[in-house]
Amino acid sequence: MRVALFITCVNDTLYPRTGQAVVTLLERLGVEVGFPEAQSCCGQPQFNTGYRHETEPLMRRYATAFRDYEYVVTPSGSCAAMVRDNYPRMGAKAAAEGRGQDLADAAAEAVPKTYELTEFLTDVLKVTDVGAYYPHTVTYHPTCHGLRMLKLGDRPRSLLAAVKGLNLVELPGAEECCGFGGTFAVKNAAVSAAMGADKARNITATGAEAVCTLDNSCQLHIGGTLARQGSTVRPVHLAEILASTEGDVW
């Protein structure tokens, strides 16, 4: 099986180890991973700020960059949700405005092949035990796009539950947003910071050594808030936990 890694902007710029962990994990499971260098931003920041027409070239670029792959896997529920939920809306609006069907066709091509990492593992590869080893106490924050738009449900928890040595503890208020929300954190900084502070206090109260997220953007916000509160809890992406083995803990 040959898949493409969609690394996303935040991962590529700030958390390259997450992408490396995805490749390590998938190759261990027998998957051939490609990385088309033509890939770029999915367009979520522009779209969420109201620049729909400016997002359209990025949508076309996405469909073209991944055209030769059966599956596109991304370690970001946020960006996967942008493709799966908003690309079809953009295509339909362009057609309704009399601007042709090319955007709708691009969405139809991109949407069915795009998977968030935990979806791909559980729904396509049909695995939960990926041979991981992570001897730490971990709490899990289910990020908003994965929880509400992709409806990932228990997929991430089932993967964590199968990790050897991992002790999973419940996070109070787990389903509450961490406060990042992309451009929301810029437009509503005070509210964002207050939400992040509540989330960080709940995380620290669990006694966990690490907090697992599905999106590096949420990891960035939570990690910064934890650091400002003086917490020693380490934010970590699920891919890094699943890539860990007894001989190589990330």
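It should be emphasised that the depicted structure is a prediction, and the values quoted were computed from it without experimental measurement.

**Some details on the sheet that holds strand E4 (residues 114–116)**
Sheet strands pair via backbone hydrogen bonds, and the direction of the pair is either parallel or antiparallel.
Thought 1: The sheet built from four strands is open, its strands ordered E2-E1-E3-E4 with parallel pairing. A single partner strand is all that each edge strand has here, and the edge strands are strand E2 (32–34) and E4. With direction set aside, neighbouring strand axes in the sheet form an average angle of 35°.
Thought 2: Sheet contacts for helix H2 (residues 16–28): strand E1 (2–5), E2 and strand E3 (71–74); angle to E1, the most-contacted strand, approximately 170°.

**So, empty space enclosed by the protein**
Thought 1: The tally for this structure, following the rule as stated, stands at one cavity of 30 Å³ or more.
Thought 2: As a volume, the largest cavity reaches approximately 40 Å³.
Thought 3: For the largest cavity, the full set of lining residues is Tyr140, Pro142, Thr143, Gly146, Leu147, Leu152, Gly153 and Leu214.
Thought 4: Looking at the lining of the largest cavity residue by residue, the class counts come to five nonpolar, three polar and no charged.

**Topic: the UniProt feature "domain: Cysteine-rich" (unreviewed entry) in the protein chain**
Thought 1: According to UniProt, the "domain: Cysteine-rich" (unreviewed entry) feature falls on residues 3–83 and 138–222.
Thought 2: Strand forms 12% of residues 3–83 and helix 56%; the C-alpha atoms that close the span are 17 Å apart.

**As for the layout of surface pockets**
Thought 1: In this structure, the largest pocket encloses a volume near 470 Å³.
Thought 2: Lining the largest pocket are 28 residues, and of these Gln44, Ser78, Phe180, Gly182 and Ser217 lie nearest its centre.
Thought 3: Sorting the residues of the lining of the largest pocket by element identifies helix H1 (9–14), helix H3 (44–48), helix H5 (77–96), helix H8 (144–149) and helix H12 (216–228) as the ones contributing at least two each.
Thought 4: Across the lining of the largest pocket, the residue classes break down as 13 nonpolar, 14 polar and one charged.
Thought 5: Summarising the domain contributions, the lining of the largest pocket has at least three residues from each of domain 1 (3–124) and domain 2 (137–243).

**A few points about unusual backbone geometry**
Thought 1: Phi angles above zero are rare outside glycine, and threonine 8 is one such case at about 75°.
Thought 2: Tracing the sequence through the fold places threonine 8 in the loop between E1 and H1.
Thought 3: For threonine 8, a relative accessible area of 5% gives the class buried.

**Quick look at the packing of helix H4 (residues 52–65) against helix H6 (residues 102–110)**
Thought 1: For the pair H4 and H6, the least separation of the axes is 9 Å and the interaxial angle reads 45°. Comparing their axes, H6 and H4 come out oblique. The crossing of H4 and H6 is left-handed. Mapping the contact onto sequence places Glu56, Met59, Arg60, Tyr62 and Ala63 in H4 and Asp102, Leu103, Ala106, Ala107, Glu109 and Ala110 in H6.
Thought 2: Considered class by class, the residues forming the contact of H4 with H6 number seven nonpolar, no polar and four charged.

Reading the values: rules and limits
- Residues numbered from 1 in each chain as written.
- Predicted model: local features only at pLDDT ≥ 70, side-chain atom pairs only at ≥ 80, totals over all residues.
- Heavy atoms only, no water.
- Pairing = 2+ DSSP bridges.
- Helix = DSSP H or I, 4+ residues; strand = E, 2+ residues; numbered from the N terminus.
- Axes fitted to C-alpha atoms, helices over the stretch in contact; angles between N-to-C directions.
- Contact = heavy atoms within 4.5 Å.
- 1 Å grid on protein atoms, 1.4 Å probe; cavity = no way out; pocket = protein on both sides within 12 Å on 5 of 7 lines; lining within 4 Å.
- Points joined across faces, edges and corners; volume = space filled by probe spheres on them.
- Nonpolar A, V, L, I, M, F, W, Y, C, P; charged D, E, K, R; others polar.
- UniProt positions renumbered as here; feature names shortened; annotations may be inferred.
- Domains from an automatic or database assignment.
- Buried < 20%, exposed > 50% of the residue type's maximum accessible area, 1.4 Å probe, protein only.
- Parallel < 35°, antiparallel > 145°, perpendicular 65-115°, else oblique.
- Left-handed = near helix turned anticlockwise from the far one by under 90°.

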